[in-house]
Amino acid sequence: MEDVIAHYYFRPDERTTPEEAAQAIAEEETTGTWTALTTRQDYVRRLDGIVESVEKSGRGYLTLIRYPAEIFEPGNIPQYLSVVAGNLFGLGRLEAVRLTDVEFPESLARFNGPNFGTEGVRHLLGTRNRPHVGTIIKPKVGLTPADTAHVAYEAASGGVDFIKDDETLTNQSFCPMNERVEAVMARLDEAKDETGRQVLYAVNVSDRADRIVERAEEALERGANTLMVDVLTCGYAALQALAEEPGISVPIHVHRTMHAAMTRNPEHGIAMRPIARLVRMAGGDQLHTGTVSGKMGHNAEELLLDNRALTDPWYGFRPVFPVASGGLHPGKVHAELATLGTEIVLQAGGGIHGHPDGTAAGARAMRQAVDAFLEGISASEYAKDHVELYRALELWGTS
Ligand SMILES: O=C(COP(=O)(O)O)[C@H](O)[C@H](O)COP(=O)(O)O
Ligand SMILES: [Mg+2]
């Protein structure tokens, strides 16, 4: 394959045939405009988009559109998006249109990709064949650096592998980033002295384009061992800048806040699959893709395919660690692992810090639920001699 093939679902309006609608997308995103150009030079034709197929699907149609590789500027993800996910969403002749997937040729996939990926992250933590358990510090905003660090310490003592800031916490005055990183890393060192276990803490360095690398470097100077970025609000280019910066040699955790504005409507917007592919190219090491039983909307079939976009062999890119997060608690661990498998990071915020006996007990309960699954025992059975899990299931149940 030499060109880009974009997959769209669409529904034309009543004045437009499916073929005309697909052609309108191909023209808008390549060499056309709303009317024929009397001035068009012949040599421009080689850049015309080509409608490869149109077929009925549900209430609408699926089309594959071929965009000549030459239209794209290699390495420029924002420009890729302006073609495959650009003006087409506003075309009046389409009532709805959704980018469901995109295939890039090797010539346009020359990125470094993840520096760590699943294996690299596992290597840092010394884990094999088991899911990682992570937590989002809660309350998501408002804590001082010292109290954030205390929550992190409790979570680490209870056995989590991974701790992260929430997506809305960056460098606000109530919790300046530099102070927070220093405080959290100091308490994680304390926990490590006690447990012997290394824990990763992803500090959210999301910031404006011209400052994000500098912010990440400041966090690293203060001992950060993982970075986090809100990729859709900062942009894929921001993630790429972090991943390709020679001085940044820690994993990058990628949060997808705002994605549902694009992904949620099954007939319109951008599906998670193209987002997952772009994050992998741009260098994310871990990416939220959703849950099968959590608090956000879910579609297990799509989620499994999204996770495969992160993990299947693809141009030599390292596999990205998929993250299931949002409304999880120990009673939901079995459903998540049974469907998603064990190459996954399970994150719980409320499902750890809301434990009746506090954060450390909540972390233990999550780890116990994972152990129960790995040993092939139901959570309720395992809870009979694991009090933290028992208390969690008593409060939240198992569904
Ligand atoms: O803070 C949380 C979850 O907290 P809690 O565990 O308390 O619900 C995350 O922002 C969501 O995971 C986002 O969803 P997604 O990861 O699917 O984008
Ligand atoms: Mg959050």
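Residues numbered from 1 in each chain as written. Chains lettered and ligands numbered in written order. Predicted model: local features only at pLDDT ≥ 70, side-chain atom pairs only at ≥ 80, totals over all residues. Heavy atoms only, no water.

A separate point is the overall build of the protein. Scanning the protein from N- to C-terminus turns up 16 helices and 13 strands. The C-alpha atoms of the protein give 23 Å as radius of gyration, which agrees with the globular expectation for 399 residues (21 Å, within 12%). Dimensions of the protein, computed from the C-alpha atoms along their principal axes, are close to 75 × 45 × 35 Å. Of all 399 residues assigned to the protein, the portion counted as buried reaches 54%. Excluding contacts between residues fewer than 6 apart, the proportion of contacts in the protein whose partners are at least 24 apart in sequence is 74%. Of the accessible surface of the protein, which amounts to about 17100 Å², a share of 49% is contributed by carbon and sulfur atoms. Taken together, the 38 basic and 56 acidic charged side chains of the protein have centroids lying 3 Å from each other. (Helix = DSSP H or I, 4+ residues; strand = E, 2+ residues; numbered from the N terminus. Rg over C-alpha atoms; globule rule 2.2 N^0.38 Å. Buried < 20%, exposed > 50% of the residue type's maximum accessible area, 1.4 Å probe, protein only. Contact = heavy atoms within 4.5 Å. Areas by Shrake-Rupley, 256 points an atom, 1.4 Å probe, with all protein chains shown as cover. Lys, Arg positive; Asp, Glu negative; His and termini not counted. Charge placed at Lys NZ, Arg CZ, Asp CG, Glu CD.)

For an interface, size is often stated in terms of accessible area lost upon the parts coming together. In terms of domain boundaries, the protein breaks down into domain 1 (4-108) and domain 2 (117-396). Here domain 1 and domain 2 have C-alpha centroids that lie 35 Å from each other. Residue-level contacts link 21 residues of domain 1 with 20 residues of domain 2. Roughly 1700 Å² is buried in total at the junction of domain 1 and domain 2, and carbon and sulfur atoms are behind 59% of that figure. Ranking the residues of domain 1 by area buried against domain 2 places Ile-77, Arg-98 and Phe-104 at the top, with a combined share of 37%. (Domains from an automatic or database assignment. Buried area = accessible area lost by both parts, 1.4 Å probe.)

Quick look at helix H12 (residues 333-340) now. For H12, the full list of buried residues reads Val-333, Glu-336, Leu-337 and Leu-340. End-on view of H12: buried residues confined to an arc of 90°, all on one side of the axis. On its buried side, H12 packs onto helix H11 (300-311), strand S12 (321-325), strand S13 (345-347) and helix H14 (359-374). The positive-phi residue at the C-terminal boundary of H12 is Gly-341, with phi of around 85°. (Arc of directions from axis to C-beta.)

Applying the stated rule across the entire model yields two cavities of 30 Å³ or more. Size it by volume and the largest cavity reaches roughly 60 Å³. Lining the largest cavity are Ile-137, Pro-139, Lys-140, Val-141, Gly-142, Leu-143, Thr-148, Asp-165, Asp-166, Leu-169, Phe-174 and Cys-175. The residue makeup of the lining of the largest cavity, split by class, is seven nonpolar, two polar and three charged. (1 Å grid on protein atoms, 1.4 Å probe; cavity = no way out; pocket = protein on both sides within 12 Å on 5 of 7 lines; lining within 4 Å. Points joined across faces, edges and corners; volume = space filled by probe spheres on them. Nonpolar A, V, L, I, M, F, W, Y, C, P; charged D, E, K, R; others polar.)

Tyr-8, Tyr-67, Val-84 and Ile-163 are the most contacted members of the largest nonpolar core, which totals 102 residues. Broken down by element, this core gets its largest block of residues, seven residues, from helix H10 (residues 272-282). Shared between two domains, this core takes at least three residues from each, and those domains are domain 1 (4-108) and domain 2 (117-396). Ranked by size, the runner-up nonpolar core spans ten residues in total, among them Leu-125, Phe-162, Met-228 and Val-323. (Core = buried A, V, L, I, M, F, W, Y, C linked by side-chain atoms within 4.5 Å.)

Turning our eyes to something else, we now look at the layout of surface pockets. There is about 1100 Å³ of room inside the largest pocket. For the largest pocket, the lining is made up of 47 residues, of which Arg-256, His-259, Thr-263, Met-296 and Gly-297 are closest to its centre. Lining the lining of the largest pocket are residues from two domains, each supplying at least three of them: domain 1 (4-108) and domain 2 (117-396).

So, about the sheet that holds strand S5 (residues 132-136). With parallel pairing, the eight strands of this closed barrel are ordered in space as S5-S6-S7-S8-S9-S11-S12-S13. Strand after strand, the sheet turns through a mean of 25° between neighbouring axes, direction not considered. Sheet topology places strand S9 (residues 252-255) next to strand S11 (residues 286-288); two bridges connect them, and they run parallel. Within S11, the residue paired with Val-254 across the bridge is Leu-287. (Pairing = 2+ DSSP bridges. Axes fitted to C-alpha atoms, helices over the stretch in contact; angles between N-to-C directions.)

Turning next to unusual backbone geometry. Of the consecutive residues Lys-138 and Pro-139, the connecting peptide bond is found in the cis state with omega at -5°. Here the phi dihedral of Asn-129 falls at roughly 55°; this positive angle occurs in a residue that is not glycine. Positionally, Asn-129 belongs in the loop between helix H3 (117-125) and S5. For Tyr-315, which is not a glycine, the phi torsion comes out positive at approximately 45°.

In this section: the UniProt feature "domain: Ribulose bisphosphate carboxylase large subunit C-terminal" (unreviewed entry) in the protein. In this structure's numbering, the residues bearing the UniProt feature "domain: Ribulose bisphosphate carboxylase large subunit C-terminal" (unreviewed entry) are residues 121-396. Taken end to end, residues 121-396 is 47% helix and 13% strand, and its two terminal C-alpha atoms sit 30 Å from one another. (UniProt positions renumbered as here; feature names shortened; annotations may be inferred.)

If the charged atoms of two oppositely charged side chains come close together, the side chains can form a pair. All chains considered together, the criterion is met by 31 salt bridges. Residues Arg-11 and Glu-95 are paired through a salt bridge, measuring 2.9 Å at the closest nitrogen-oxygen approach. Of this pair, Arg-11 sits in strand S1 (residues 4-12) while Glu-95 sits in strand S4 (residues 94-103), placing them 84 residues apart in sequence. For Arg-11, a relative accessible area of 17% translates into the label buried. Residue Glu-95 is classed as partly exposed on the basis of its relative accessible area, which comes to 46%. With its nearest N and O atoms 2.7 Å apart, the salt bridge here joins Arg-130 to Asp-161. Of this pair, Arg-130 sits in the loop between H3 and S5 while Asp-161 sits in the loop between helix H4 (145-158) and strand S6 (162-164), placing them 31 residues apart in sequence. (Salt bridge = Lys/Arg side-chain N within 4 Å of Asp/Glu carboxyl O.)

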